[in-house]
Every structure is written in C-alpha cells, then in structure tokens.
Amino acid sequence: MDYLEIEGGHKLKGNVVISGAKNSALAVIGATILSDKKIVLKNLPNVVDIRTMLKLLTMLGAKVEHNDTEAIVDCSTINSTKAVYEIVAQMRASILVLGPLLSRFKECSVSLPGGCAIGQRPIDLHIKAVEALGANVELKEGYVVATAPSSGLNGNKIIFDKITVGGTENALMAAAMANGVTEIINAAKEPEITQLAQMIDMGGAKVEGIGTSRLTVHGTNGKALEFKEPIEIIPDRIEAGTYLCVGAITNSEITLDRVNIEHIQTSINKLEEMGCSFELAENSITFKPASNLKGVNIVTTEYPGFPTDMQAQFMAVATIASSESLIEERLFENRFMHVSELNRLGSDIWLKGNTAAVRPVKELNGATVMATDLRASSALVIAALAAKGTTKIKRIYHLDRGYDRLEDKLSKLGAKIVRKRD
Ligand code: EPZ
C-alpha cells in the first residue's frame, strides 16, 4: 500500500495553482444525468472521487470521455437506473444520482451508503425531499428504491429542518425536470450549491434565489436540460484553505493562484486572528506567516461560516501556536479521528464531547501515523511538514480521493515529500 514520507522542518516558497472543487464537480457530474445531450466539463480535479463518479455514470450506460481535467459526458445512452452497492460503498456522494435519475427516468434504486468515518451521515433528508415531490420511496435489500408518478415528479415546497449540502443538491436536481415550481426552504448556501443551481438554471430550469437559503426551481415538466456551453468547475475552497494552513505551519510565504477569495474568507479571517496576513489580488492570494502564531477559537458551521472540512487542518496548525485553541465541531459527531494521530506527532490535544482543546507544544516530532478520512489526512500532512524528522503517513488513499497532485504541488513549493510503497 502507498504511504507518504515527509521530512519536516523545511521552509516553503512559491506558487500553487488551486484545482477545481471536488465537491462541486461531484454534484455537477450528477446533474449531467438531467440532459440527453453531450456536456463538456472543465477544470475537474484529477482525483479518485471524480473518476469514481464518472465510472458510476458509465455503469448507468452513459458515455464518458475523460482526460485529466476535462470530460465529455453523454447521458443520452443511460439504460440503467441502479447505483449498485459496490460503487456507493466506495463513495457516499454516489447518492447524488438519486434526484436526477428520479427526475428524468421516474425511477431509480440507489444503494444505502452505510457507515462513515466522520459520523452517521444518514440520508433521511434526501428521501424526504423527493417524497415531497411525490416520489414513493421504499428501502429494499439495502437499496433506496424510488418511483415517481407516471407523469413525473410534481413541484412542491421542500422544507429542510436541518441544513444539508447533499440533500439540497438532490432536491435541486429532482426539482429540475419536475412539473411546476418547487421551493426549497432552509437550503444550504455553499458555493457548490450555487454552482449547481447556476448550471440547472443555464440548462433550462430557471432557478431563483441562487446563493440564498430559499431556492425556487421552475421545473421543465419532463424536458431534459441542455447545456450548450461547457461547465467550468469553481476553484476548490478546501484545497485552497489547506495550502494556507501549510503556509501557516511552515512559516512560509505562499501564493495561491486561481482561487475565489470570497469562498475562503472564514479561513482568511481565522488565520488573521492567528497573526498571519495576506496580499489579495483578483484570483490569487499571497499568504504571509505570523511572527507569533497565536491560538484561535473555531466553531464549525454551514457556509458562510467556518467549514467542517477545514477543522482538522486548523487543528494541525494550532498545535504549535503560542496559546491555547478551542475547536468545536458542530456538523459531524465523529470528526476528530485525527486527534490521536496528531498526538502521536507530539501535539497536546484534549477532547471533551465535540470540543477539542489544543494546548500548544514547542515542536512536533516525526512518527508513523494513519490517515482516517480525507481532511484528517491533510491535517497529518500539514503537521508532518512542521514536525522534526521524518513522518510516514499510511492509508493515503483517503488523500488521493480529494487532493489533486498533492505531492507534486508540495514538492514544487520545496517540501520534502515522497510517495513510497510498503
Ligand atoms: C458535504 O457532505 C460534503 N461532501 C462534505 O465534504 C462536507 O463535510 C459536508 O457537505 C458539510 O459541509 C460532498 O459535497 C460530496 P450534509 P454531505 O448533508 O452533503 C446531517 C469532504 O471532506 N444529515 O451537509 O453529506 C449530516 O449527518 C466531505 O470533502 C442528516 O441528518 O453533508 C451532517 O450532520 C466530507 N440527514 C449534517 O446533516 C441527511 O439526510 C450536514 O451534512 C443528510 C445530512
């Protein structure tokens, strides 16, 4: 199995180009099902999850040409509406085919995703959303089996009692080809939702309220969407935030190119509170390290609040700050798997319930650690870049799922990082 070997303690310098957002691309790929014409996708990140999602489309019968950051997807040939366990078990985001399959083909079965390293992650809200549009949903042999009325889904009010990114995405896609108007209330407002809503709007199902928590979708009454222009995936705000944390922990000036600064504002604010500074340009940002890196208090919440997907990386940076940090995780009940691994590198983190107290240590020391999920893994990389000596990070397939060319990008900045095999 592959592992990463990182020699810590080196100062980095230079530019890093931020890739397309994995989580936006996953939803956009799901939405291609709503069309029966070819769609060109650009700026896809070259990561395993994207290949898995495209493979799922192929398994449904779609034709996919994929080359690094571009794909041409043709969903006119879809001849199956079943997302099988083997693929859903590899990637929970496969659930994003539920809404579009049901909207276009009036039926689908999608395997239940099962357990996850960061929390229970139920899909009850996705199911409630399609039920609100008239779908009949049954759970059979581990599958969500959903059927729309023979005339198609019907627009209605979908009220989310909890904000959900994936649930909002499925609701948007289900509503796109439904009959009449759907109102989605308490919708998620993440940039990934905005990109998906804009795509659906561009494809012919008018969406109002984009960027707000109340989305109105004018369904096409069964007409497939059409995309004449390529869809360009937005920059990955979590990858960008991760490289800012790399700069903070290695005390290095790093410039990120091709970023959307608005999307990373909370990470910028927290790093400023820690004493770091920034130079902003239109699509790029230069990170300047703190002379005295201070501790910080963080509470994760929905966008535009502080993202749960940046919690682990900030915790890694906080380990060597000069004062204590408190980090509260509000979205996922088990997203602290990195704590014991960071402590193996010499940090002093205490957990009580969903809050971690990070007491500063003078230095981290290299050790062998284990990656447990995507963002926990990136936190270990960040810590390893500052740790004295050599760190081996095992189970890096988690990183490969979501970070595009991580070792290349870090090596170009001057990091001593190599991929090896046991
Ligand atoms: C998306 O997951 C992202 N994944 C996650 O990124 C991210 O951490 C999360 O949003 C929060 O920002 C993708 O976009 C593919 P949610 P999602 O539905 O949609 C509960 C990464 O590292 N909930 O907004 O699954 C849920 O358990 C990943 O890139 C229900 O109770 O997240 C959680 O507590 C990991 N019932 C909360 O809502 C449901 O039906 C928010 O989850 C759905 C969700």
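Just so it is clear, the model here is predicted, and its values are computed rather than measured.

The rules behind each value
Residues numbered from 1 in each chain as written. Predicted model: local features only at pLDDT ≥ 70, side-chain atom pairs only at ≥ 80, totals over all residues. Heavy atoms only, no water. Helix = DSSP H or I, 4+ residues; strand = E, 2+ residues; numbered from the N terminus. Rg over C-alpha atoms; globule rule 2.2 N^0.38 Å. Buried < 20%, exposed > 50% of the residue type's maximum accessible area, 1.4 Å probe, protein only. Contact = heavy atoms within 4.5 Å. Areas by Shrake-Rupley, 256 points an atom, 1.4 Å probe, with all protein chains shown as cover. Lys, Arg positive; Asp, Glu negative; His and termini not counted. Charge placed at Lys NZ, Arg CZ, Asp CG, Glu CD. Near = heavy atom within 4 Å. Polar contact = N/O pair within 3.5 Å; in protein donor to acceptor, adjacent residues only side chain to side chain. Expected span 1.5 Å × (residues − 1). Pairing = 2+ DSSP bridges. Axes fitted to C-alpha atoms, helices over the stretch in contact; angles between N-to-C directions. Parallel < 35°, antiparallel > 145°, perpendicular 65-115°, else oblique. Left-handed = near helix turned anticlockwise from the far one by under 90°. Nonpolar A, V, L, I, M, F, W, Y, C, P; charged D, E, K, R; others polar. Phe/Tyr/Trp six-rings, centres within 6.5 Å; stacked < 30°, edge-to-face > 60°. Lys NZ or Arg CZ within 6 Å of the ring centre and 35° of its normal. Disulfide = S-S within 2.5 Å.

J.: Whenever I open this one, the overall build of the protein confuses me. Can you help?
T.: When helices and strands are counted, the protein shows 14 helices and 24 strands. The C-alpha radius of gyration of the protein comes to 21 Å, within 12% of the 22 Å expected for a compact globule of 422 residues. Its C-alpha atoms give the protein principal-axis dimensions of about 65 × 45 × 40 Å. The 422 residues of the protein split such that 57% are buried. By sequence separation, contacts in the protein at least 24 residues apart represent 73% of the contacts at least 6 residues apart. Just so you have it, the protein exposes about 16,600 Å², and 47% of that area is on carbon and sulfur atoms. When the 47 basic and 49 acidic side-chain charges of the protein are each reduced to a single mean position, those positions are 2 Å apart.

J.: Honestly, the site of the ligand in this entry has me stumped. Any pointers?
T.: Lining the immediate surroundings of the ligand are 22 residues, of which Leu 125, Thr 164, Val 165, Asp 309 and Leu 331 lie closest. Contacts to the ligand include Gly 166, whose backbone N or O atom sits 2.7 Å from an oxygen atom. A distance of 2.8 Å is found between an oxygen atom of the ligand and a side-chain nitrogen or oxygen belonging to Arg 375. With the chains in place, 88% of the 830 Å² that the ligand exposes on its own is no longer accessible.

J.: Where do I start with helix H6 (residues 165-176) in this structure?
T.: Within an α-helix, residues lying three or four positions from one another point in the same direction, as the helix has 3.6 residues per turn. Taking 1.5 Å as the rise per residue, H6 with 12 residues should run 16 Å; its terminal C-alpha atoms sit 17 Å apart, in good agreement. Among the 12 residues that make up H6, 11 are buried, leaving the element largely enclosed by the rest of the structure. For H6, the complete set of buried residues consists of Gly 166, Gly 167, Thr 168, Glu 169, Asn 170, Ala 171, Leu 172, Met 173, Ala 174, Ala 175 and Ala 176. If you check the start of H6, you find a side-chain oxygen 2.8 Å away from the backbone N of Gly 167, and it comes from Thr 164.

J.: Is there a simple way to explain the sheet that holds strand S6 (residues 82-83) in this structure?
T.: Sheet architecture is open: 4 strands sit in the order S6-S7-S9-S8, paired in mixed fashion. Edge positions in the open sheet fall to S6 and strand S8 (136-140), since each of these has one partner strand only.

J.: Looking at this structure, how should I read the packing of helix H10 (residues 311-318) against helix H12 (residues 374-386)?
T.: Helix-helix packing is characterised by the crossing angle of the two axes and by the distance between the axes. Between H10 and H12, whose axes approach to 7 Å, the crossing angle comes to 20 degrees. The orientation of H10 relative to H12 falls into the category roughly parallel. Between H10 and H12 lies a crossing whose hand is right-handed. For the pair H10 and H12, contact is made by Ala 312, Gln 313, Ala 316 and Val 317 and by Arg 375, Ala 376, Ser 378, Ala 379, Ile 382 and Ala 383, respectively. Among the residues making up the contact of H10 with H12, the classes are represented as 7 nonpolar, 2 polar and 1 charged.

J.: What is the right way to look at the packing of helix H8 (residues 237-250) against H12 in this model?
T.: At a minimum axis distance of 8 Å, the contact between H8 and H12 shows a crossing angle of 25 degrees. Here H8 lies roughly parallel to H12, going by the angle between them. The hand of the H8/H12 crossing is right-handed. On H12, the residues that touch Ile 238, Thr 242, Cys 245, Val 246, Ile 249 and Thr 250 of H8 are Arg 375, Ser 378, Ile 382, Ala 383, Leu 385 and Ala 386. Grouping the amino acids of the contact of H8 with H12 by side-chain chemistry returns 8 nonpolar, 3 polar and 1 charged.

J.: Help me understand the packing of aromatic side chains, please; the structure alone is not making it clear to me.
T.: Remark: the centre distance and the inter-plane angle together describe each pair of aromatic rings, the angle taken between the planes. Counted by the stated rule, this structure contains 2 aromatic pairs. Ring geometry for Phe 306 and Phe 314: centres 5.1 Å apart, planes at 80 degrees, overall edge-to-face. Using a relative accessible area of 4% as the deciding quantity, one classes Phe 306 as buried. If you follow Lys 82 out to its NZ or CZ, it ends over the ring of Tyr 143, 4.7 Å from the centre. The lysine or arginine in question, Lys 394, covers the ring of Tyr 3, its NZ or CZ lying 5.4 Å from the ring centre.

J.: Before we go on, may I ask you to explain the environment of Gly 30 in this structure?
T.: Mapped onto the secondary structure, Gly 30 falls in helix H1 (residues 22-31). Sequence separation between Gly 30 and Thr 52 is 22 residues; the distance between their C-alpha atoms is 12 Å. Contact partners of Gly 30, with chain neighbours within four places excluded, come to Met 53, Leu 96, Pro 100 and Met 173.

J.: Explain the environment of Glu 226 here, please?
T.: Among the secondary structure elements, Glu 226 is positioned in the loop between strand S13 (214-218) and strand S14 (231-232). Residues Glu 226 and Glu 183 lie 43 residues apart in sequence; the distance between their C-alpha atoms is 22 Å.

J.: Quick question: what am I supposed to make of the sheet that holds S13 here?
T.: Two orientations exist for strands paired in a sheet by backbone hydrogen bonds: parallel and antiparallel. If you walk across this open sheet you meet the 4 strands as S10-S11-S13-S12, and the pairing is mixed. Strands with a single pairing partner mark the edges of an open sheet, and in this sheet they are strand S10 (157-159) and strand S12 (207-208). Pairing between S12 and S13: 2 bridges, direction antiparallel. Bridging from a neighbouring strand, Glu 208 pairs with Thr 216 of S13.

J.: How should helix H9 (residues 265-273) be read in this particular structure?
T.: If you check which residues of H9 are buried, you get Thr 266, Ser 267, Ile 268, Lys 270 and Leu 271. On its buried face, H9 sits against H8, strand S16 (277-280), strand S17 (284-288), strand S18 (297-299) and H10. Of the residues flanking the end of H9, it is Gly 275, one or two places downstream, whose phi is positive at about 110 degrees.

J.: Where do I start with the state of the cysteines in this structure?
T.: The term disulfide refers to a covalent linkage connecting the sulfur atoms of a pair of cysteines. On inspection of all chains with the given rule, the structure shows 0 disulfides. Looking at Cys 108, it has no disulfide partner, and the nearest cysteine sulfur is the one in Cys 75, 14 Å off. Sulfur of Cys 276: no disulfide; nearest cysteine sulfur belongs to Cys 245 and is 8.9 Å away.

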